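Residue strings, one per chain:
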Amino acid sequence: MKVAVLGAGAIGAYVGAALHRAGADVHLIARGPHLAAMRRDGVQVLSPRGDFTAHAHATDNPQEIGPVDYVFLGLKANSYAACGPLIEPLLNDTTAVIAAQNGIPWWYFHHHGGPHDGQRVESVDPGGAVSAVLAPDRAIGCVVYAATELEGPGVVRHLEGTRFSIGEPDRSASERCQAFSEAMQAGGLKCPVEKDLRNDIWLKLLGNISFNPISALSRATMRQMCHHGGTRQVIETMMRETLAVAEALGCDIGISIERRLAGAERVGDHRTSTLQDLEAGKPLELDVLLAAVVELADITGVEVPTLRTVHAISDLLAHRTAA
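The sections below set out a description of the structure shown in this document. All values reported here derive from a predicted model rather than from experimental measurement. (Residues numbered from 1 in each chain as written. Predicted model: local features only at pLDDT ≥ 70, side-chain atom pairs only at ≥ 80, totals over all residues. Heavy atoms only, no water.)

## Looking at the overall build of the protein
Piece 1. When helices and strands are counted, the protein shows 12 helices and 11 strands.
Piece 2. Since a compact globule built from 323 residues should have a radius of gyration of about 20 Å, the 19 Å found for the protein is in line with a globular shape.
Piece 3. Long-range contacts, defined as pairs at least 24 residues apart, comprise 73% of the intrachain contacts of the protein with a sequence gap of at least 6. (Helix = DSSP H or I, 4+ residues; strand = E, 2+ residues; numbered from the N terminus. Rg over C-alpha atoms; globule rule 2.2 N^0.38 Å. Contact = heavy atoms within 4.5 Å.)

Given below as structure tokens:
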């Protein structure tokens, strides 16, 4: 199996290292000091499950790699539309693209069925710009439940979780999903093939849509947001509105808001990825989290006043950060 990891940051390098350890032909695409360190010393994974080092091929030039069986996409979703020059050399007629993203994916209504089948979610695929680069037929969905961070160039700290749920947009149990799942498991990761990954997407989104923007607006950790009474109420309301949109689209998350909050509280003083991006001066990945769900609420006729309010304020923050 030949795999390219486009955007070999904390999650991408961790997945690439695990697949390489299992014997896959892995190629990591990165840049800067992180790339230099991976070329020199390999990917060093520090994990409570056991440290290891993987000496996979690392480059900043996809032309060196050529077509692969799978592209594992570790880029931020707001970079997808511009990644054409990087991903095109990696593609042949059957290459699958596994997008490890938070929020609503560009392929959400691809083979969805029902009245919204084939509809474009403008917030995440404006004018079809993402679909033009990443054809929905190539897409395998991926919901990441692992937490990692770059401790230094070439050094990935694995904090918790090893689950990467994957699934086809058309809900089929495809051979390409099964093969990738087996390779991930051989590398020590959990990779269930879900019949309908959209349920997992909404389960993960339930936390991201609320904690991520609120953390950026308040500079607060998970524990601090859960322990502040007024903020906790706002988060609960955002979750209820999100559940209503998911249910209107036929998804069953199968978890209570209280249980989801309890899980977040156990994480402790963790800074969300959005807060980390804000502090690092990076673009905020909020369109796929908030704007997309507000758009889906418009499509389904669900009232989401709190999501609209938080989206308006956090969108201003995102634009000011990008300016």
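## Focus: the nonpolar core
Piece 1. One finds Val71, Ile87, Ile104, Leu134, Trp202, Phe211 and Val245 to be the most contacted residues of the largest nonpolar core, which totals 69 residues.
Piece 2. Here the element with the most residues in this core is helix α6 (residues 197–218); it accounts for nine residues.
Piece 3. When residues no more than four places from it in sequence are discounted, the contact partners of tryptophan 202 are Ile104, Tyr108, Thr242, Val245, Ala246, Leu249, Cys251, Ile253, Val293 and Leu296.
Piece 4. One finds Ala8, Ala17, Leu19 and Ala146 within the second-largest nonpolar core, a separate group that totals 39 residues. (Core = buried A, V, L, I, M, F, W, Y, C linked by side-chain atoms within 4.5 Å. Buried < 20%, exposed > 50% of the residue type's maximum accessible area, 1.4 Å probe, protein only.)

## A look at the packing of α6 against helix α8 (residues 229–248)
Piece 1. It is the contact of α6 with α8, at a shortest axis distance of 9 Å, that shows an interaxial angle of 145°. Seen along the crossing, α6 lies across α8 with a hand that is right-handed. Side by side, α6 and α8 meet where Trp202, Leu206, Gly207, Ile209, Ser210, Phe211, Pro213 and Ile214 of the first sit next to Thr231, Val234, Ile235, Met238, Met239, Thr242, Leu243, Val245 and Ala246 of the second.
Piece 2. Tallied by class, residues from the contact of α6 with α8 come to 13 nonpolar, four polar and no charged. (Axes fitted to C-alpha atoms, helices over the stretch in contact; angles between N-to-C directions. Left-handed = near helix turned anticlockwise from the far one by under 90°. Nonpolar A, V, L, I, M, F, W, Y, C, P; charged D, E, K, R; others polar.)

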